[in-house]
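Tertiary structure, described
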Amino acid sequence: MDSRSVGVEEEFLLVEPDTGWPKAVAGTVLQAAGPEGGTDLEGELQQQQLETNSRPCQSLDELHRELRRCRAAAALAAGRAGAHVVALGTSPLPVEPQPLSTSRYERMAEVFGLTAHEQLTCGCHVHVKISDADEGVAVLDRAGPWLATLLALSANSPFWQGRDSEYASFRYQVWGRWPSSGPTGPFGTSQAYRETIEQMVGTGTLIDPGMVYFDARLSERYPTVEIRIADVCLRAEDAVLVAALAHALVETEARSWREGKPASPARTELLRLAAWRASRTGLDDTLLHPVTGKPEPATTVVGMLLDHCRDALSDTGDADAVAGLLTDLLARGNGASFQRSSYRRSGRLPEVISSAVEVTGLAG
């Protein structure tokens, strides 16, 4: 990587060590983290989940170390509260989410009803540094057709409320209930982007700008493009892969903008179909071609993303490492594949959870 730093937010489930049942102890976990937890750990919407925040990183090796450090900090704090953290996009077992007791989350539960009450999902948000909002919006206007591929690679939520959803990422379907979620059309300028956000909040539908849940957006907190489409990855190395591709995608589209190349027109309706297809079958069937919109084998589309970003990856010396990470993921499958294979072997959803804890090394 280069001076365009990258950071990752990962959301995890908190579960009972013996049963795998989601455990509503986020407040206790955050207290248990103590001062050493610093800003690495945060609460999320529900008491049964926890978020980690990496520091900005300059290399893939640094990012991998940082993600393992954050996961270990989360595991340690959860263990003190009698829980494990596990990298699953949804709970395989039935769950009644319990909102974290903050005024904002309580307001969201009041305004959005069942959408908020049932929203227990875990994502991976990649922050890539930008020079300014103009560059960030130029990236958003160009990156949209490639984002669904990141969802397919990360898909890790096949089970919902005790049954197989028949989706690779059912998290993305659940997340789609929010009125501001999903892909976006071109904004053109940073001023148009800001005005759009102001208009959305001004409708009274959203509580605040933090509820603008686009698949990719300008961060409200950092000078970054925040790519939010991915599930939390089961393995830290897969999160590194998703982050590396997101980083290279941002650099690729920023270069295109600086060179004066216009953004390729992409209908929002087609971007939504592409994301739905990635959510439905992940890497197991077809994805939509980022340019033509036609179905192509998933491995072909993944290869196209790698080719699209190859110059940026080569310039930072990451091309071989990213190709290796991608080869490994395609050979063993994503998190959804792991969960279904585990269930086929055992026939028990608690075993899916315990095996996921072991694979991610998150036992407290």
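A few words on the overall build of the protein. The helix and strand inventory of the protein stands at 14 helices and 11 strands. For a compact globule of 364 residues, the expected C-alpha radius of gyration is about 21 Å, and the protein comes in at 19 Å, within 12% of that figure. With respect to the principal axes defined by its C-alpha atoms, the protein has extents near 55 × 45 × 40 Å. Counting only residues that meet the buried cut, the protein has 58% of its 364 residues in that class. Contacts in the protein between residues far apart in sequence, at least 24 positions, make up 77% of those at least 6 positions apart.

The next point concerns unusual backbone geometry. We note that Q161 has phi near 55 degrees; this positive angle belongs to a residue other than glycine. With respect to the secondary-structure elements, Q161 resides in the loop between strand 6 (159-160) and strand 7 (163-164). On the basis of relative accessibility, which here comes to 32%, the residue Q161 falls in the partly exposed class. The backbone of E166 shows a phi angle near 70 degrees, a positive value even though the residue is not glycine. With respect to the helices and strands, E166 occurs in the loop between strand 7 and helix 6 (170-175).

Running from amino to carboxyl end, helix 5 (residues 133-154) crosses helix 10 (residues 298-308) at an angle of 120 degrees, the nearest separation of the two axes being 10 Å. Here helix 10 runs oblique to helix 5, going by the angle between their axes. Of the two elements, helix 5 crosses helix 10, and the hand of that crossing is left-handed. Here helix 5 contributes W146, T149, L150 and L153 to the contact with helix 10, which in turn contributes V301, V302, M304, L305 and H308. Partitioning the contact of helix 5 with helix 10 into residue classes produces seven nonpolar, two polar and no charged.

All right, on to the side chain of Q46 then. Relative to the helices and strands, Q46 resides in the loop between strand 2 (41-43) and strand 3 (49-53). A polar contact of 3.1 Å, which involves the side chain of Q46, links it to the backbone oxygen of Q119. When sequence neighbours within four positions are dropped, the list of residues in contact with Q46 reads A26, P97, Q98, P99, L100, A116, H117, Q119 and L120.

The next point concerns the pairing of strand 9 (residues 224-231). Most of strand 9 is tucked away: eight of the eight residues are buried. As paired elements, strand 5 (residues 123-129) and strand 9 share six bridges and run antiparallel to each other. Opposite H127, over in strand 9, you have E226 as the bridge partner. Sheet topology places strand 8 (residues 216-218) next to strand 9; three bridges connect them, and they run antiparallel. If you follow R217 over to strand 9, its bridge partner there is E226. In this structure, the hairpin formed by strand 8 and strand 9 is closed by a connection of five residues.

Turning our attention to the environment of W178. Here W178 lies in the loop between helix 6 and helix 7 (190-202). For W178, a relative accessible area of 2% translates into the label buried. Each C-alpha atom, one on W178 and one on L206, is 9.5 Å from the other, the two residues being 28 residues apart in sequence. Setting aside chain neighbours within four positions, we find W178 in contact with L45, M108, F112, T115, A116, Q119, M211 and Y213.

This part covers the nonpolar core. Side chains that are nonpolar tend, in soluble globular proteins, to be buried together. Grouped together as the largest cluster of nonpolar side chains are 111 residues, with contacts concentrated most on V126, W178 and I227. If you tally residues by element for this core, the top one is helix 8 (residues 236-258), at 12 residues.

About the thresholds
Residues numbered from 1 in each chain as written. Predicted model: local features only at pLDDT ≥ 70, side-chain atom pairs only at ≥ 80, totals over all residues. Heavy atoms only, no water. Helix = DSSP H or I, 4+ residues; strand = E, 2+ residues; numbered from the N terminus. Rg over C-alpha atoms; globule rule 2.2 N^0.38 Å. Buried < 20%, exposed > 50% of the residue type's maximum accessible area, 1.4 Å probe, protein only. Contact = heavy atoms within 4.5 Å. Axes fitted to C-alpha atoms, helices over the stretch in contact; angles between N-to-C directions. Parallel < 35°, antiparallel > 145°, perpendicular 65-115°, else oblique. Left-handed = near helix turned anticlockwise from the far one by under 90°. Nonpolar A, V, L, I, M, F, W, Y, C, P; charged D, E, K, R; others polar. Polar contact = N/O pair within 3.5 Å; in protein donor to acceptor, adjacent residues only side chain to side chain. Pairing = 2+ DSSP bridges. Core = buried A, V, L, I, M, F, W, Y, C linked by side-chain atoms within 4.5 Å.

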